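In case you want the letters, here they are:
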Amino acid sequence: MKITIEQLEFPISVKDKITKIPNIFKFDIKFVNGKYIHFNNTNISINDPHKIIISNNSYCLILLSYENDNNFYLKDSLKQITLNEIKNIISKII
């Protein structure tokens with residue numbers, strides 16, 4: 001079975017939202033591009049989301065961002081999280 005993998009470009013609008021969070025400069029931020037995986041000759045595809053990894057020496061927050069979706073999700077629970085909630089988490093960690 002052949003598989004086609006298309007690398008998705010990380011949306012600049014999402015990067016801008018994250019980098020404008022107060023005190024975010026105190027963390028290492030890594031933006032990982034998502035992928036669109038299609039199994040050829042089938043109707044099955046997988047959308048691997050973009051990942052935002054915010055970390056410091058003692059904490060790591062991994063957020064998921066899906067293509068054409070303005071929401072963020074926590075990796076471990078897939079709970080939807082707002083930008084304000086992310087700001088609150090960052091301010092509590094500092």
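Scroll up to find the structure.
Presented here is a report on the structure given in the accompanying data block. Keep in mind the model is a prediction, meaning the values are calculated, not measured.

1. Brief notes about the pattern of salt bridges
Per the stated rule, a full pass over the model turns up one salt bridge. Between Lys51 and Asp48 there is a salt bridge, with its nearest N and O atoms 3.1 Å apart. Under the relative-accessibility criterion, Asp48 is labelled partly exposed at 24%.

2. Here's the deal with the packing of aromatic side chains
Considering all chains together, one arrives at two aromatic pairs under this definition. Ring plane angle 65 degrees and centroid distance 5.1 Å describe the contact between Phe10 and Phe31, whose orientation is recorded as edge-to-face. Here Phe10, found in the loop between strand S1 (3-7) and helix H1 (12-19), pairs with Phe31, found in strand S2 (residues 28-32); they are 21 residues apart in sequence, far enough to count as distant. On the accessibility criterion, Phe10 (4% relative accessible area) is buried. In this structure Phe31 comes out as partly exposed when scored by relative accessible area, which is 24%. On the basis of an interplanar angle of 75 degrees and a centroid distance of 5.7 Å, the ring pair of Tyr66 and Tyr73 is categorised as edge-to-face. By relative accessible area, which is 15% here, Tyr73 ends up buried.

Cut-offs and rules
Residues numbered from 1 in each chain as written. Predicted model: local features only at pLDDT ≥ 70, side-chain atom pairs only at ≥ 80, totals over all residues. Heavy atoms only, no water. Salt bridge = Lys/Arg side-chain N within 4 Å of Asp/Glu carboxyl O. Buried < 20%, exposed > 50% of the residue type's maximum accessible area, 1.4 Å probe, protein only. Phe/Tyr/Trp six-rings, centres within 6.5 Å; stacked < 30°, edge-to-face > 60°. Helix = DSSP H or I, 4+ residues; strand = E, 2+ residues; numbered from the N terminus.

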